[in-house]
Amino acid sequence: PRLLSQFFFADERVTRVVAEINGLDAELDPQQYLVLLNQLHLSQAHLLAILERIMEECIPTQRHSRDYLVKFPEELLVDNLGNHMLFAAECLLAGTFLEVEEADGAQLRPQARNLLCSLELVRTVLREQSLSQPGSYPEPVRAVLVQFDRLFAEFELSYVSSLVAVKSPEEIYRQQEIIVLFCETVERALCLGYLTQEMIDGYEPLLMFTIPRLAIISGLLIYPEGPLSLERSPEQMSRVFSPFYNLLKKIRDLLRVLSEEELCLLERSLCTAE
């Protein structure tokens, strides 16, 4: 049940699969090579998962900040991101640029080398610790883990930044503004009786259409200085709304001519129409 013991056996499996790959002629048996390659990816992912648990147990207050993850596109935030980063580092060190431009890859190679060297050191230290005192983490072990955690985070941020345009602080703030707008829209709709708490607690599917519709009206009329402010240029708006800048202007102009009673009727109809 000890994590260091689990790490030892997971590390043994990675070592065994690597040895099998190195002893195989990929050109003579390409199918077996692909099988072993898949086994390697799975065993490395298992090893990294155990290592993550060890760091949470050993250095919980010394972990490198992962706040930068909020800048990443949501489609990249998957469970196997760490294993993908390790594979990318191995490719870069081998001189293979699968996803990045050659110039970016050349800049990333030193980071990839440092990360993989750090991982090898971690594997060696943890193997030795698992054989001697599997229930403790002395200071040298913690220091090696802190260094690896930092190098991994730095490489992850640098590599992903070379692949995609990570969100700027301004874009993150604009998204937070939209979250606030939606929250205030829901609170207002509850007060006016457009929605009920039971609908929200029960995840009523209609809310997926209702809340965004009401939020557009709220953003244009009730909170005109918020994320839907048309006093800004399209470039200053969130990318969620900037493509519809001209359409939003037309909607705002139409809403301004409605009476309070007509606006109430419109909002109620938006809560029921499909």
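Let me begin by describing the structure that accompanies this report. (Residues numbered from 1 in each chain as written. Predicted model: local features only at pLDDT ≥ 70, side-chain atom pairs only at ≥ 80, totals over all residues. Heavy atoms only, no water.)

## Thoughts on the side chain of Thr185
Counted only if it meets this: Each helix is a run of H or I in the DSSP string that is no shorter than four residues. Each strand is a run of E no shorter than two, and both are numbered from the N terminus. Two residues qualify as a contact provided that any one of their heavy atoms is within 4.5 Å of a heavy atom in the partner residue.
Checked against the element boundaries, Thr185 lands in helix H6 (residues 169-192). Among residues more than four places away in sequence, those in contact with Thr185 are Ile211, Leu214, Ala215 and Ser218.

## Digging into the layout of surface pockets
Quick note on the threshold: Here the term cavity refers to a set of points on a 1 Å grid, laid over the protein atoms alone, in which a 1.4 Å probe fits but cannot get out; the term pocket refers to an open set having protein on both sides within 12 Å along at least five of seven lines, with lining residues being those that place an atom within 4 Å of a point. Grid points are joined across faces, edges and corners, and a volume is the space filled by probe spheres set on the points.
Of the pockets and cavities examined, the second largest pocket occupies roughly 370 Å³. Tallying contributions element by element places helix H2 (residues 30-58) first for the lining of the second largest pocket, with 7 residues.

## Here's the deal with the side chain of Thr210
To keep it simple, the criterion reads: Per-residue accessibility, obtained with a 1.4 Å probe over protein chains only, is compared with the maximum for each type, and a residue is labelled buried under 20%, exposed over 50%, and partly exposed between these values.
Structurally, Thr210 is set in helix H8 (residues 207-222). The exposure class assigned to Thr210 is buried, which follows from its relative accessible area of 0%. Among all residues touching Thr210, those that are not within four sequence positions of it are Leu195, Leu270 and Cys271.

## Considerations on the pattern of salt bridges
Filter applied, for reference: Criterion for a salt bridge: a side-chain nitrogen of Lys or Arg within 4 Å of a carboxyl oxygen of Asp or Glu.
Inspection of the entire model under this criterion finds 12 salt bridges. Notably, a salt bridge pairs Arg127 with Asp11, separated by 2.5 Å at the nearest N-O pair. Placement of the pair is Arg127 in helix H4 (residues 102-132) and Asp11 in helix H1 (residues 3-22), with a sequence separation of 116 residues. The exposure class assigned to Asp11 is buried, which follows from its relative accessible area of 0%.

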